[in-house]
Amino acid sequence: MTLSPETLRRRLIDHASEPYRAVGRFAYHFARGKLGCDPVFVGLLQRGLFPDDARILDLGCGQGLLAAWLLAARQLYDAGEWSAQWPAPPRVAIRGIDLLPIAVQRAHVAVGKRARFEAGDMRQMDFGQVDVVVIMDAAHYVDERCQDDILRRVRAALPPNGLFLTRVGDAGGGLRFQLSNWIDRTVVLFRGMGWPRLHCRSLPDWIQALEALGFRVETAVMNGDLPLANVMLIARLGEQSGAGA
Ligand SMILES: C[S@@+](CC[C@H](N)C(=O)[O-])C[C@H]1O[C@@H](n2cnc3c(N)ncnc32)[C@H](O)[C@@H]1O
């Protein structure tokens, strides 16, 4: 059945949030809220960024929303419910890592049979070999020296045509950046983790760090109408453009 993009978006939010009912009310409503309000999830699918059969490593995966979203997309697609205006969603194998054991536990209960989640620190965990690494809204929790080390290890974990997707706050983004930071800190505070120091860079700094490692970098704003300074960096290795670029 061909769906309109808006109907498909709603179906996806329902479908990807549903497994979080087994975790509890907070996890379920958080999933619905985030998947529904953050345009990045639709943006990733609309752009067809993930290659089919990709091994994806999601660093700072939180409660596993990206995995839940991509798996729900493929399920709907396989059931014939999709939009002719969106590219086919990929089949994926996802490994998520997060520092917070409670987030990993939620991911595990909701999506754990179809993906793999581990509690750990991205500064220390072995990344293995994967096709795509994702760090969404998580790189700024570690200091600049650790960020550089993580970027090097991401590069080493990828094949010659690998893809690195990272959403970062642009420290040169003025008031929008201040608002993004304030939201981040408030969320962390509500999780009982205090008022963290965030380590943000300007967009040119991020791009330079990635290009120095051999990535070709494209930027995409996937914030819809939200007044935020978050930017998705689509960093590719190799000569060819990636799927759906
Ligand atoms: C703003 S949340 C983003 C979660 C997820 N990427 C998403 O988009 O839904 C940032 C996550 O990064 C995790 N995090 C922070 N520092 C980390 C570290 N050193 N290693 C692994 N995860 C970390 C936090 O526990 C939190 O779940």
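Here's a quick rundown of the structure. Just so we're clear, the structure is a prediction, and the values are computed from it rather than from any experiment. Note on numbering: residues in each chain are counted from 1, in written sequence order. Residue-level local features of this predicted model are given only where pLDDT is at least 70; pairs of side-chain atoms are given and counted only at 80 or more, and the full residue set underlies all totals for whole chains, interfaces and linings. Calculated side-chain values reflect all of the structure's heavy atoms, with hydrogen atoms and water omitted.

## Overview of the sheet that holds strand 3 (residues 116-119)
Basically, it comes down to this: Strand pairing is assigned whenever DSSP detects at least two bridges linking the two strands. Helix and strand assignments follow DSSP, with helices taken as H or I runs no shorter than four residues and strands as E runs no shorter than two, numbered in order from the N terminus. Between N-to-C directions, angles span 0 to 180 degrees; the directions come from axes that are lines fitted to C-alpha atoms, helices contributing only their stretch in contact.
The sheet built from 7 strands is open, its strands ordered 3-2-1-4-5-7-6 with mixed pairing. Of all strands in the sheet, those bounded by a partner on one side alone are strand 3 and strand 6 (216-220). Here the average twist between neighbouring strands, direction ignored, is 20°. The pairing of strand 2 (residues 92-98) with strand 3 spans 4 bridges and is parallel. Bridge pairing links aspartate 98 to alanine 119 in strand 3.

## Looking at the side chain of asparagine 181
To keep it simple, the criterion reads: We call two residues in contact whenever any of their non-hydrogen atoms come within 4.5 Å of each other.
Mapped onto the elements of the fold, asparagine 181 is located in helix 7 (residues 174-190). Excluding anything up to four places from it in sequence, asparagine 181 contacts Leu198 and Cys200.

## A few points about helix 7
Since the α-helix turns once every 3.6 residues, residues separated by three or four places project in the same direction. Rules: For a helix, the expected span equals 1.5 Å multiplied by the number of residues minus one. Throughout this description, buried means an accessible area under 20% of the type-specific maximum (1.4 Å probe, protein chains only), exposed means over 50%, and partly exposed covers the range between.
When the terminal C-alpha atoms of helix 7 are compared, their 25 Å separation across 17 residues agrees well with the 24 Å that a helix rising 1.5 Å per residue should span. The set of residues buried in helix 7 consists of Phe177, Ser180, Asn181, Asp184, Thr186 and Val188. Those residues of helix 7 hidden inside the fold are in contact with strand 5 (163-169) and strand 7 (230-236).

## Some points on the layout of surface pockets
Put simply, the rule is: Think of a 1 Å grid over the protein atoms and nothing else: a 1.4 Å probe that fits but is trapped marks a cavity, an open set flanked by protein within 12 Å on at least five of seven lines marks a pocket, and residues with an atom within 4 Å of a point count as lining. Grid points are joined across faces, edges and corners, and a volume is the space filled by probe spheres set on the points. For this classification, Asp, Glu, Lys and Arg are treated as charged, while Ala, Val, Leu, Ile, Met, Phe, Trp, Tyr, Cys and Pro are nonpolar and the rest, including Gly, are polar.
Taken as a whole, the largest pocket encloses approximately 1,100 Å³ of empty space. In this structure, the largest pocket is lined by 48 residues; those nearest its centre are Lys34, Met136, Asp137, Tyr141 and Asp184. For the lining of the largest pocket, the secondary structure elements donating two or more residues are helix 2 (25-37), helix 4 (65-78), strand 2, strand 5 and helix 7. Counting residues per element, the lining of the largest pocket draws most heavily on helix 7, at 7 residues. Residue classes in the lining of the largest pocket are distributed as 26 nonpolar, 12 polar and 10 charged. The calculated volume of the second largest pocket comes to roughly 230 Å³. For the lining of the second largest pocket, the secondary-structure elements that each account for two or more residues are helix 2, helix 5 (101-111) and helix 7. Counting residues per element, the lining of the second largest pocket draws most heavily on helix 5, which supplies 3 residues. Of the residues belonging to the lining of the second largest pocket, the class tally is 7 nonpolar, 2 polar and 2 charged.

## Re the packing of aromatic side chains
Here a ring pair, both rings aromatic, is described through the centre-centre distance and the interplanar angle of the planes. The following threshold applies: Any two rings among Phe, Tyr and Trp, with Trp reduced to its six-membered ring, count as a pair given centres within 6.5 Å; such a pair is stacked if its planes are under 30 degrees apart, edge-to-face if over 60, and tilted if neither.
With the rule as written, the count across this model stands at 5 aromatic pairs. With centroids separated by 5.8 Å and ring planes inclined at 20°, the aromatic side chains of phenylalanine 26 and phenylalanine 30 adopt a geometry described as stacked. Of this pair, phenylalanine 26 and phenylalanine 30 both sit in helix 2, separated by 4 residues, roughly a single helical turn. Geometrically, the ring pair formed by tryptophan 82 and tryptophan 86 is edge-to-face, given 5.9 Å between the ring centres and 80° between the ring planes.

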